[in-house]
Amino acid sequence: MLWLLFFLVTAIHAELCQPDAENAFKVRLSIRTALGDKAYVWDTNEEYLFKAMVAFSMRKVPNREKTEISHVVLCNVTQRVSFWFVVTDPSKNHTLPADEVQSAIRMNRNRINNAFFLNDQTLEFLKIPSTLAPPTDPSVPIWIIVFGVVFCIVIVAITLLVLSGIRQRRRKNKGPSEMDDTEDKCENTVTIENGIPCDPLDMKGGHINDTFMTEEERLTPL
Amino acid sequence: LVRSPDKRLGWGVLWGLGCLSVSFLISLYYNMVLTWVLWYLLNSFQQPLPWGTCPLDLNRTGFVEECRATSTVSYFWYRQTLNVTAAIEHSGSVQWRLLACLAACWAVVYLCVIRGIESTGKAIYFTASFPYLVLTIFLIRGLTLPGAVEGLIYLFTPNVHTLQNPRVWLDAATQIFFSLSLAIGGHIAFASYNLPRNDCEKDALTVALLNSATSLYASIAVFSVLGFKAATDHGNILNLINEFDFPEHSISRDDYATVLTHLNSTQPERVAGLHLEACHLQDFLDKVPRGTGLAFIVFTEAILHMPGSPVWAVLFFSMLFTLGLSSMFGNMEGIITPLLDVGVLPRWVPKEVLTGAACLACFLSATCFTLQSGSYWLEVFDSHAASLNLILFAFFEVVGVAYVYGLDRFCDDIEWMTGRRPGLYWRVTWKVISPLLLLTIFVAYFALLTQTPLSYRAWNPQYEQFPLKQEKSYPGWVWAVCVLLSLLPALWVPGVALAQLLAQRRRKQEDTQRDTRLELQDSGVC
């Protein structure tokens, strides 16, 4: 008798859970893409965990707090890993409406992902779109900050170059006129070195400095 | 401008003015490309990079429609950078972000050319060596990426079929011509600052060889990255695996072909329903867009896949920026030196004012490229402003030196400068080969331009085959602008020549009038 009941239950379950059945969702996992070497094998224990997570999500929905793990039915598990699942009501005769399941999964998507170390792209619920994270918009776009820095540096550099150019030109303009003045002054002043006036060379007559005697005069003639 | 007092080379001023106009047109759109590079550079200082994700649509369930249809990088380029309209007639509004970046670019250019060769000479130490450093880094990084070898094999295997197409040879000739920046006047401007007894033969050889070596170096780096990008594109395999529920990673790239044929024979309808594209590395590498598409779409996507993306993005775009900047120096010299020589402004006006005025004029004229249709206008300028004119100028320069000035006198000058006469190779090339080649290229280019209908590819989200670009033809007035751009610089030469001829004739008339008056006076006094 028990065997018959068991077969009946599984038969009904099998009817409820079929690819493209009403209220059924396909799930696709890409464990090796996500985890590489640390990938775990998908076995019945993992399936049990999945059923538990779905049941957990359904229990959060008002009016569905009595959802049990046995109410979640998986079928058509492939090597990919992909499978179909439905959530049945306590009587196990009908499947819960797709919208309820969808909203429940969407609310708890993060918890489900984390249970399997996956993310929205590697644990896909086909037909259930995930709510995408809002883009992180800083109050000031970063490019404006960098632009401000670069532009300020360039403007400062240009200003410095222009100012130094103006200063150079002013010095050059003053330079030739200053040289003319000093030439005029040279004619009239007497240069003073160490307090002793230096006579210009052309004022002196020729004086012979005795210490510098020529070779011929030192040697007495033969 | 050739600084020779010889009367026959007073005509050199004409080429100078022609080069001035060509350099002006080139500077306008060249700095726009630099603006785009600067925009990308400013946006590279964040993780994740902005061109890696699509913006969300209004109810946050999916991405913006346009972004979903194409890729994130294309969306960032066409929508968030250019904000491009669907046709060149629809100008749209000025994009203030691009305008700001354009102002910054022109400020940087002004900073570097402010004192002429004084400042340019110092700036170029950095802008010329930095790209080599970054290129080496990219080469090392590129060669260590998976799939790089395939890219390199593709680069170095000659495709005999392609080589038989004369169009390819024409493209190669024009490419080397523009790569060496001949006839723009930049070379002559820079060379005029050298000492008179400079070994120009060695310089010429060095420039040419270094240019080609750098191109080869850069292409190795680029193709290794392209090979990597092609290797990471395995969307087809994923589709197959998902459809037939094969285990993950069960189909490698090598098995793909066999598995596909097997599936096609057993379950053809399901395979057909997947709409798989043919997956050949060759096809991908053949379809890589050229020019702006290569840098802003293909390379940015490749950078996204490299670990540490912001660093690579910053390096890449700063390299592009410094490369473009050093080219801009040549262009600006081509504008400023003729203006200085002709003496547009009086002597007492400092050089900074002249360079500032030139940069300001270029900036104001270039604002038309910051419109939403700016990229289409840039294509117009790129294909029409420079090409024909430069080839023509180069042809007349070679002919002018070899025939009008006299090859013997030229060889004498070079002997005076370098100490040895140019060999047979140089003489034959100057006299025969170069003019012939230039004439052939000019004629072929002209024929090609007149034959191909003037059309462009527009980015139109409303197009049925979006994301393919829509082929549209230029409206009449744009076509007129194209013709004007092509002819205007070349018209300087006969125009000024005519003016000088008329001036000479008037002077001769005045002289003869004066002579006859003197004769009359003499004869009158008796």
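- Named according to an unreviewed UniProt entry, chain B is Solute carrier family 6 member 18 originating from Rhinolophus ferrumequinum.
- The record in UniProt for chain B states the following under Subcellular location (unreviewed entry): "Membrane".

- Chain A goes by Collectrin, amino acid transport regulator in an unreviewed UniProt entry, where it is assigned to Rhinolophus ferrumequinum.
- Entered under Subcellular location (unreviewed entry) in the UniProt record, the comment concerning chain A runs "Cell membrane".

Structural notes on empty space enclosed by the protein
All names here are of chain B.
Inference 1: Under the counting rule described, the total for this entry stands at 1 cavity of 30 Å³ or more.
Inference 2: Reported here for the largest cavity is a volume of approximately 30 Å³.
Inference 3: Around the largest cavity, the lining residues are W39, Q80, T81, Q95, R97 and L98.

Some points on the packing of helix 16 (residues 309–342) of chain B against helix 17 (residues 351–366) of chain B
Residues and elements named next belong to chain B.
Inference 1: At a minimum axis separation of 11 Å, helix 16 and helix 17 run at an interaxial angle of 130 degrees. Accordingly, the angle class assigned to the pair helix 16 and helix 17 is oblique. For the element pair helix 16 and helix 17, the recorded crossing hand is right-handed. Residues M332, I335, I336, L339 and L340 of helix 16 lie in contact with helix 17, whose contacting residues are K351, L354, T355, A358, C359 and C362.

Observations concerning a nonpolar patch on the surface
Inference 1: Together, A:V140, A:I144, A:I145, A:V149, A:I153 and B:W96 make up a nonpolar patch on the protein surface, roughly 560 Å² of accessible area in all.
Inference 2: Within the secondary structure layout, A:I153 lies in helix 6 (residues 142–188).
Inference 3: A relative accessible area of 55% places A:I153 in the exposed class.

A look at the pairing of strand 3 (residues 82–87) of chain A
Residue and element names in this part refer to chain A.
Inference 1: Most of strand 3 is tucked away, with 6 of its 6 residues classed as buried.
Inference 2: Burial along strand 3 is two-sided: S82, W84 and V86 facing one way and F83, F85 and V87 facing the other are all buried.
Inference 3: With 4 bridges joining them, strand 1 (residues 25–29) and strand 3 adopt antiparallel strand pairing. By the bridge assignment, F25 is partnered in strand 3 with F85.
Inference 4: Across 4 bridges, strand 2 (residues 72–75) lies against strand 3 in antiparallel orientation. Among the inter-strand pairings, V73 is bridged to a residue of strand 3, identified as V86.
Inference 5: Counting the residues in the hairpin turn of strand 2 and strand 3 gives 6 residues, including N76, whose phi is positive at 55 degrees.

Notes on the pattern of salt bridges
Inference 1: A full pass over the atoms with the stated rule returns 15 salt bridges over all chains.
Inference 2: The residue A:E68 makes a salt bridge to A:R59 at a minimum N-O spacing of 4.0 Å.
Inference 3: Its relative accessible area of 40% is what places A:R59 among the partly exposed residues.
Inference 4: Of the charged contacts, one joins A:R109 and A:D120 as a salt bridge, the two residues approaching to 3.7 Å between their closest N and O atoms. Placement of the pair is A:R109 in helix 5 (residues 109–115) and A:D120 in the loop between helix 5 and strand 4 (123–125), with a sequence separation of 11 residues.
Inference 5: Linked by salt bridges that have partners in common, B:D199, B:E201 and B:R420 make up one network.

Section: the UniProt feature "binding site: Na(+)" (unreviewed entry) in chain B
Residue and element names in this part refer to chain B.
Inference 1: Mapped onto this numbering, the UniProt entry annotates "binding site: Na(+)" (unreviewed entry) at S179, N211, L323 and S327. Spanning 149 residues, the annotated positions come together in the fold, the maximum distance between their C-alpha atoms being 12.9 Å.
Inference 2: Here N211 lies in helix 10 (residues 200–232).
Inference 3: Once residues lying within four places of it in the same chain are set aside, the contact partners of N211 are I176, S179 and L180.
Inference 4: Within polar-contact distance, the side chain of N211 engages the side chain of S179 at 3.0 Å.
Inference 5: Tracing the chain through its elements places L323 in helix 16.

Quick notes on the packing of aromatic side chains
Inference 1: Within this structure, the stated rule accounts for 43 aromatic pairs over all chains.
Inference 2: Considering the side-chain rings of A:F50 and A:F83, the 5.0 Å spacing of their centres and the 80 degrees angle between planes classify their relative orientation as edge-to-face. With A:F50 in helix 3 (residues 44–59) and A:F83 in strand 3, the pair connects residues that are 33 residues apart, well separated along the chain. There is no split in this pair, since A:F50 and A:F83 are both buried.
Inference 3: Seen from their ring centres, B:Y456 and B:Y474 are 4.9 Å apart, and the 10 degrees between their planes marks the pair as stacked. Taken together, the residues B:Y456 in strand 1 (residues 455–458) and B:Y474 in the loop between strand 2 (470–473) and helix 21 (476–524) connect sequence positions 18 residues apart. Each member of the pair, B:Y456 as well as B:Y474, is classed as buried.

Quick look at the side chain of B:S44
All names here are of chain B.
Inference 1: Along the chain, S44 turns up in the loop between helix 1 (12–42) and helix 2 (65–69).
Inference 2: Judged by relative accessible area, S44 falls into the buried class, the value being 0%.
Inference 3: At 2.6 Å, the side chain of S44 forms a polar contact with the backbone oxygen of Y40.
Inference 4: If near-sequence neighbours (up to four positions away) are discounted, S44 is found in contact with L49, W51, P310, A313, V314 and F317.

Quick look at a positive patch on the surface
Inference 1: On the surface, A:R167, A:R170, A:R171 and A:K174 cluster together into a positively charged patch.
Inference 2: Mapping A:R167 onto the fold places it in helix 6.

What counts and what doesn't
- Residues numbered from 1 in each chain as written.
- Chains lettered and ligands numbered in written order.
- Predicted model: local features only at pLDDT ≥ 70, side-chain atom pairs only at ≥ 80, totals over all residues.
- Heavy atoms only, no water.
- UniProt positions renumbered as here; feature names shortened; annotations may be inferred.
- 1 Å grid on protein atoms, 1.4 Å probe; cavity = no way out; pocket = protein on both sides within 12 Å on 5 of 7 lines; lining within 4 Å.
- Points joined across faces, edges and corners; volume = space filled by probe spheres on them.
- Axes fitted to C-alpha atoms, helices over the stretch in contact; angles between N-to-C directions.
- Helix = DSSP H or I, 4+ residues; strand = E, 2+ residues; numbered from the N terminus.
- Parallel < 35°, antiparallel > 145°, perpendicular 65-115°, else oblique.
- Left-handed = near helix turned anticlockwise from the far one by under 90°.
- Contact = heavy atoms within 4.5 Å.
- Patch = residues over 30% accessible without salt bridge, like charges linked within 9 Å, V, L, I, M, F, W, Y side chains within 5 Å.
- Areas by Shrake-Rupley, 256 points an atom, 1.4 Å probe, with all protein chains shown as cover.
- Salt bridge = Lys/Arg side-chain N within 4 Å of Asp/Glu carboxyl O.
- Buried < 20%, exposed > 50% of the residue type's maximum accessible area, 1.4 Å probe, protein only.
- Pairing = 2+ DSSP bridges.
- Polar contact = N/O pair within 3.5 Å; in protein donor to acceptor, adjacent residues only side chain to side chain.
- Phe/Tyr/Trp six-rings, centres within 6.5 Å; stacked < 30°, edge-to-face > 60°.
- Lys, Arg positive; Asp, Glu negative; His and termini not counted.
- Charge placed at Lys NZ, Arg CZ, Asp CG, Glu CD.

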